Number of protein chains: 6
Amino acid sequence: MTAMVALFVLSFGIVLASVTADPDMLQDVCVADLTSAVKVNGFTCKENFTADDFFFDGLAKPGLTNNTLGSLVTGANVEKIPGLNTLGVSLSRIDYAPGGLNPPHTHPRATEIIFVLEGQLDVGFITTANVLVSKTINKGEIFVFPRGLVHFQKNNGKVPAAVIAAFNSQLPGTQSIAATLFAATPPVPDHVLTKAFQVGTKEVEKIKSRLAPKK
Amino acid sequence: MTAMVALFVLSFGIVLASVTADPDMLQDVCVADLTSAVKVNGFTCKENFTADDFFFDGLAKPGLTNNTLGSLVTGANVEKIPGLNTLGVSLSRIDYAPGGLNPPHTHPRATEIIFVLEGQLDVGFITTANVLVSKTINKGEIFVFPRGLVHFQKNNGKVPAAVIAAFNSQLPGTQSIAATLFAATPPVPDHVLTKAFQVGTKEVEKIKSRLAPKK
Amino acid sequence: MTAMVALFVLSFGIVLASVTADPDMLQDVCVADLTSAVKVNGFTCKENFTADDFFFDGLAKPGLTNNTLGSLVTGANVEKIPGLNTLGVSLSRIDYAPGGLNPPHTHPRATEIIFVLEGQLDVGFITTANVLVSKTINKGEIFVFPRGLVHFQKNNGKVPAAVIAAFNSQLPGTQSIAATLFAATPPVPDHVLTKAFQVGTKEVEKIKSRLAPKK
Amino acid sequence: MTAMVALFVLSFGIVLASVTADPDMLQDVCVADLTSAVKVNGFTCKENFTADDFFFDGLAKPGLTNNTLGSLVTGANVEKIPGLNTLGVSLSRIDYAPGGLNPPHTHPRATEIIFVLEGQLDVGFITTANVLVSKTINKGEIFVFPRGLVHFQKNNGKVPAAVIAAFNSQLPGTQSIAATLFAATPPVPDHVLTKAFQVGTKEVEKIKSRLAPKK
Amino acid sequence: MTAMVALFVLSFGIVLASVTADPDMLQDVCVADLTSAVKVNGFTCKENFTADDFFFDGLAKPGLTNNTLGSLVTGANVEKIPGLNTLGVSLSRIDYAPGGLNPPHTHPRATEIIFVLEGQLDVGFITTANVLVSKTINKGEIFVFPRGLVHFQKNNGKVPAAVIAAFNSQLPGTQSIAATLFAATPPVPDHVLTKAFQVGTKEVEKIKSRLAPKK
Amino acid sequence: MTAMVALFVLSFGIVLASVTADPDMLQDVCVADLTSAVKVNGFTCKENFTADDFFFDGLAKPGLTNNTLGSLVTGANVEKIPGLNTLGVSLSRIDYAPGGLNPPHTHPRATEIIFVLEGQLDVGFITTANVLVSKTINKGEIFVFPRGLVHFQKNNGKVPAAVIAAFNSQLPGTQSIAATLFAATPPVPDHVLTKAFQVGTKEVEKIKSRLAPKK
């Protein structure tokens, strides 16, 4: 309700050119205009905003984990929270069924730091020198995955687990390694994958068929 | 334990100049050497590291809120997690007693995004055009405080509240407004404060005495 | 030869399309189109520009200081000098009557460095460790206020004073602390302010009434 | 030889505090002191330097491609060219035998742009939306691999191929996907890989054995 | 052709809201819309793209060097390769006739690193302490010109020479010193140049006439 | 408790103008340790600092202009004000005799904005498209020179002139064009200069002799 009042004053101010709503405000924030026809690096800014542009309730409930991997990532980035535009930070919630895996992936644009809401996870990242840095973490504990490095989390416990993940990017991006290589469209050629993984076409085709997007 | 193995391999690798531990690793991460005599912007890097440098368990339990303000901020920044050095992100946990306030403050170096772990909070930030943008948020909900702007959270509920806060800085810094002006050492002169707040010396001295650090 | 042709066309264009701005130029500079309907972080760029886009004469005369605080800040930022867009620097002139105060404030996006044009000033900033760093400075002297920290200047002399202030931002923004907390719209709730400053509602209301924008 | 003269003048100048060699120079460049005991993000700077710190001849000859993948990457980064420290750019030469593959990999810290010196290559990158963007390129042609995305090059021709690759990082880092997942030390657990690739332990162990570092 | 398929899938995916083509893609890349009426720092982004936006064949053949200086720079920057927008890197090819000179110039926005394709070059840069750092380099060798500093290359050999130059900017810009001072439009006043170079108007006019753009 | 002790020492120190800041402070500021043996990009940080590290009085008086060019630049950068380290801003004062010239030069690392303290100046910059953007400015007026572009100021008036110049760099660097090309050590070869300026060796040698550093 306070926010609505704020918006009212804001709009009113613009009409009157009063102090409370001068263009300065667009310099404190640049709330994403997600529907603009003009595309820029990030997003263009909306003229007006309310407190709701800085709010999101989509992480309040656990995500559904009844999929092949037994995990689900729910984003709270600039696409959901327009006020994050230009501000360089975002969150995700990740839920894991028992045995669930958030498979090896990278975020091209961010470091990730996770806080365990529930359960226990085996987590790790691999450096460019091919060293695995891993740890078992429990409820309330924190782990860091440095920018750009391949990392994963697995719930080897018997109960569901969940984390809040924070990123220093408004839209960190995710490149899930197995899907990137074996389920891209158009497909990465078999001869690239057989040579990269040193296996035969048969094994490559097997993985491709299993990772193919469900119809 | 895995991390110990990693470290062993790492050291071993250095001796043999093998692939697993070449200097490249210092380029993926620059784990803070918190005890170095050489001070730089951020921290210098340690020679070796383990998974524990990317881990922290200090936010697992609620902080004590039996203080004047009824709130406590517990940091999980580079000073606690050396692996965060150069990575540009950190967390905090904030606990609030019923009626507790995290008083108006700024973070000179970061935007903040909070996720409510427990309870309900009235939160807000003020733009440089002096517009208050505020909202009541509940468990599982998210709110954003743009970089550098004054903001606060208050628990107007009847039960404790808690949030996880994420920042896009390894050490965001906090400047608590009332304490900055009325409890600095040496003190900000009365004549600055009486003129800024348009009150008399008596009122200024009253606030100073109440905000003075406890002996 | 291609280069010669390019240059010819360029010169031709300059003569006829006058002011001087082929598309190459937009890469050296991006002169703000202050009237564009498209809002981005900063400003979109104008097609053409002249030397006047890099010029401003609004700081030549002292600002009027016959107000409550006895000081006036006159900006020379991207809103006044469109050529500053994307260039990351701006100036202000600040005038102070005898006894005048530029009250405690922050610039969320810049460090400030001042050069005293006239008179004498008592200046200071407060660190996040609540240490006041202060000094008396005279005509021709310089002082630095680090990015994001609360700072102030007061003319305790008997004659007017003035400074030129430089910022490493095209639009540094200013958050004046007392007005932010006691004169925002909608107002910051009394219960936040009484708890933050440890005073009663009466004192808070008194400050609010004195800092209220004049009708 | 000219460089030697330059150095002489430089050292001489320092002793005399003359204009030609004042500390300003360290601000134009910060030539890496690769042997310093103090580790920072990047490298500390050497006191003196010569033209050789900005020179490298290690890409003049083709690299040996008689390995499993039929390709070899030779770096010309800050570890080989100390003068690149803080300057944000580097090169590599990549040689490919007929049939040779530079397998799918990421550079956590850089975009890559290649220029084909010899031969023909099939190249591609995959976006985070799992779209393969690919092309066949020939001698003298250029292709771009955006920052952080998985990409590869394969020589499907009958003669050797070679490229010069440029990066906007002094040390872009390389994370070769297959080796990262199947040849890390300590190993990524089988249960992570079987779930990620949806195959059995047998297939995972087979890939691990084939990608294991040669003794 | 592959790219066309990719584009088709992309468009198709958008209609179906499927995973392969969500708006995320614009965050991996922001392919320049070179024809947009909206001008921003860099370029706005196109809605769709193909592999050709990341490809260029304009450096495959030597540039014509039958001009006064005996050299030609051919750019492969964002104006030629729209996919480079926001990615921070670009290439050029420079060809030199025997005796040819790429005259002293600066790149305001980039460091340059060159790889010699053919021939031999005498190259150098001058620091702000006025120290010339120079070297003779041959086919396959590399040299670095730090950001913003004046530098040049001269072919003192008897055969043509050529280099590939890489820059850490999508459009580094070039300010050729002699032309900047003696062939600008409108002209730099003679009294500035006579005083700067400590020569008479006659010498200045002579240089101006020789460097004047050919009609 | 440690914090209380730190604060006490701190207060004591400030009163005595001694030196005493706790490590937290180093995150707000990183005051340059100008004498450290460890060289980094910028400077390492001092353990302790006082208000004097943010103060400078060296621009209070006009610089001596009785030199060949009739102008003098006096810097107020990180080398003079250690507190500017990492803060990204600095000032200079430039004095001009009647007829005095600050000759064409670039700042590789900063945009410059000037405020005229006294007199009148003819100022200009040249874009990479070789367009001169120029203006006559008077006392109290402002002009901007975009980052990296060649620019100059000339006092064509009959009385002395002076400006305060601000830069968005703690040490912007200056490359004075004529001296860079004609007075470097070792010298830029005549054959480079004759070709670049299209004049004979005689003219080049004449300029070199006139610009040679005075013994």
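If you check an unreviewed UniProt entry, chain A appears there as Germin-like protein from Hevea brasiliensis. Turning to chain A, the UniProt record has this under Sequence similarities (unreviewed entry): "Belongs to the germin family."

S.K.: So what exactly am I meant to see when it comes to the interface of chain A and chain B here?
M.R.: Frequently, the measure chosen for interface size is the accessible area that the parts lose on association. Contacts between the two partners involve 55 residues from chain A and, on the opposite side, 55 residues from chain B. It is D28, F54 and I142 of chain A that lose the most area in chain A upon contact with chain B, and together they represent 13% of the buried surface on that side. For the pair chain A and chain B, the number of links is 2 salt bridges. Taking the shortest distance from any N to any O, the salt bridge between K135 of chain B and D52 of chain A comes out at 2.3 Å. Our enumeration of links across chain A and chain B arrives at 14 residue pairs in polar contact (both at pLDDT 80 or more). Elements supplying a minimum of two residues to the side of chain A that touches chain B: helix 1 (2-16), helix 2 (25-28), strand 1 (55-56), strand 3 (90-96), strand 5 (112-118), strand 7 (132-138), strand 8 (142-145) and strand 10 (161-167) of chain A. A total of 5 residues in the side of chain A that touches chain B trace back to one element, the largest contributor, which is strand 7 of chain A. For the side of chain A that touches chain B, the per-class residue count stands at 36 nonpolar, 10 polar and 9 charged. Pairing of strand 8 of chain A with strand 1 (residues 55-56) of chain B, which is carried by 2 bridges, proceeds in the antiparallel orientation. Looking at the pairing, I142 of chain A lines up with F56 of chain B of strand 1 of chain B.

S.K.: In this structure, what is going on with the UniProt feature "binding site: Mn(2+)" (unreviewed entry) in chain A? I would like to understand it.
M.R.: All names here are of chain A. The positions that UniProt labels "binding site: Mn(2+)" (unreviewed entry) are, in the present scheme, H105, H107, E112 and H151. For the residues just named, distributed over 47 residues, the greatest C-alpha separation is only 11.7 Å, placing them together at one site. Beyond its immediate sequence surroundings of up to four residues, H107 is in contact with E112, G148, H151, F167, P172, G173 and T174. At 2.7 Å, the side chain of H107 and the backbone oxygen of G173 are in polar contact. Looking at the element boundaries, H151 is found in strand 9 (residues 151-154). Residue contacts for H151: discarding those within four places in its chain leaves P103, P104, H105, T106, H107, E112, G124, F125 and F145.

So, how was this worked out
Residues numbered from 1 in each chain as written. Chains lettered and ligands numbered in written order. Predicted model: local features only at pLDDT ≥ 70, side-chain atom pairs only at ≥ 80, totals over all residues. Heavy atoms only, no water. UniProt positions renumbered as here; feature names shortened; annotations may be inferred. Contact = heavy atoms within 4.5 Å. Buried area = accessible area lost by both parts, 1.4 Å probe. Salt bridge = Lys/Arg side-chain N within 4 Å of Asp/Glu carboxyl O. Polar contact = N/O pair within 3.5 Å; in protein donor to acceptor, adjacent residues only side chain to side chain. Helix = DSSP H or I, 4+ residues; strand = E, 2+ residues; numbered from the N terminus. Nonpolar A, V, L, I, M, F, W, Y, C, P; charged D, E, K, R; others polar. Pairing = 2+ DSSP bridges.

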